[in-house]
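# Observations on chain architecture
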Amino acid sequence: MKKRLLILEDGTVFTGTAFGSEQASQGEVVFTTGMTGYQETLSDPSFYGQIVTLTYPLIGNYGINRDDFESIAPAIRGFVVRELADQPSNWRSDMTLDEYLTSQNIPGIEGIDTRKLTRIIRTKGAVRAILTEADADVDVEKIVAELQNTPFITHHVREVSPKAAYPSPGRGKRVVLLDFGMKHGILRELNKRDCDVIVVPYNTTAEQILAMHPDGIMLSNGPGNPEDVTEGIETIKGLIGKVPMFGICLGHQLFSLACGAKSFKLPFGHRGGNHPVKDLRTGRTDLTSQNHGYAIDIESLKDTDLELTHVALNDGTCEGVRHKKYPVFTVQYHPEASPGPEDSNHLFDEFIEMMEKEAAKENQHA
Ligand SMILES: NC(=O)CC[C@H](N)C(=O)O
């Protein structure tokens, strides 16, 4: 078994065993607390450029199957686990996690103290790191100095958004899905409701979208800093008030920025499947699936036409907004789950109802 190192920008070195690809890689290390769902996690495009550590100590035990991918190819930079299960047991399993990561050219490291790593991220915030083979000539000091001088690359959306529009037809509502790095779960939920979906790249203009005569717009999740996705913000500005919209995660952040709110980087993000979120209008708390490193500043909503609708019960940050004049609502968490609890799946039904209501209004005026 080959040794591999995970070197953090603060100089901490973890020595573990290599699995997956032999390639060295660099990225921001983030932790996720989901106990299951590693296949969906590693294929979620929002993790582009990140090395993911899982706090649950045994990963890989049900293998990798055909059905649970959230994208065609994973965008993560590395996978860090306490103990890798190399003999998966599940009727759906097609291959081991190790075999899959090797095939996708993604390096992994196992056998390190993932609790210690998580505590470092919780105390110090986002950390840049490198995964590399443990050769005798590894110059840790040089690597640390380089890491400290490497800026976080934040506009990853162009890497994971499709290059051209494509349809996912249905006989129901026409939804244009602005794909900033969408998880398949979002498209799955819309198709389940018979939506006639057209998926479009992140830099599609409002005019191009309106020419498709949508009943509604879906703003997807995606990687990186929302402030950097200026093309998406411009497009959304051109759509507000014209078509009903529903936004998830990055889509929520971009819509809020388009309305004049501000975003900021959370100290260590929200990633996992058990984040309690309170709906301020109903008082109901949903357990939610989350994966985000940025959030919308609640204070900044005061100067906008947005109403705060949801808050995170763990840290009080913004988890959802609604436009006061137009039919738009957005959430920071993942109602499509994949992986995680499905408590808030009803939001997709609310989106369909919102589009139906708007269409009925228009028919009255016609
Ligand atoms: N899942 C997402 O859409 C994440 C949004 C954004 N990249 C963040 O980290 O906050």
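Let me sum up the structure you'll find in this document. From a predicted model like this one, the values you see are computed outputs, not experimental measurements.

The strand order across the open sheet formed by 10 strands is β12-β14-β13-β15-β16-β21-β20-β19-β17-β18, and the pairing between neighbours is mixed. Whereas interior strands pair on both sides, the edge strands pair on one side only; in this sheet they are β12 (166–168) and β18 (285–296). Between one strand axis and the next, the sheet turns through 25 degrees on average, direction left out of account. Docked against the sheet, helix α9 (residues 250–258) engages β15 (216–219), β16 (245–248), β17 (263–279), β18, β19 (306–312), β20 (318–323) and β21 (328–331), running at close to 60 degrees with respect to β18.

Another aspect to go through is the packing of aromatic side chains. Tallied over the full model, the rule gives 6 aromatic pairs. Relative to Y62, the ring of Y38 lies with its centre 4.4 Å away and its plane at 35 degrees, an arrangement referred to as tilted. In this pair, Y38 is assigned in helix α1 (residues 38–42) and Y62 in the loop between β5 (58–59) and β6 (64–65), connecting sequence segments 24 residues apart. Judged on exposure class, the residue Y38 and its partner Y62 are both buried. Three or more aromatic residues joined by ring pairs make a cluster, and in this case those are F246, F329, F348 and F351.

Read around the closed barrel, the 7 strands follow the order β1-β2-β10-β7-β4-β3-β11; overall the barrel is mixed. This sheet shows a mean twist of 35 degrees between the axes of neighbouring strands, independent of strand direction. Relative to the sheet, helix α3 (residues 114–124) contacts β1 (3–8), β2 (13–20), β3 (25–32), β4 (50–54), β7 (78–81) and β11 (127–133), its axis offset from that of β3 by approximately 90 degrees. Packing against the sheet, helix α4 (residues 140–149) makes contact with β1, β2, β3 and β11, and its axis sits at approximately 45 degrees to β1.

Now for α9. When you tally the buried positions in α9, you get 9 out of 9 residues, the bulk of the element. Residues L250, G251, H252, Q253, L254, F255, S256, L257 and A258 constitute the buried set of α9.

Definitions and limits used
- Residues numbered from 1 in each chain as written.
- Predicted model: local features only at pLDDT ≥ 70, side-chain atom pairs only at ≥ 80, totals over all residues.
- Heavy atoms only, no water.
- Pairing = 2+ DSSP bridges.
- Helix = DSSP H or I, 4+ residues; strand = E, 2+ residues; numbered from the N terminus.
- Axes fitted to C-alpha atoms, helices over the stretch in contact; angles between N-to-C directions.
- Contact = heavy atoms within 4.5 Å.
- Phe/Tyr/Trp six-rings, centres within 6.5 Å; stacked < 30°, edge-to-face > 60°.
- Buried < 20%, exposed > 50% of the residue type's maximum accessible area, 1.4 Å probe, protein only.

In short, geometric facts, not functional conclusions.
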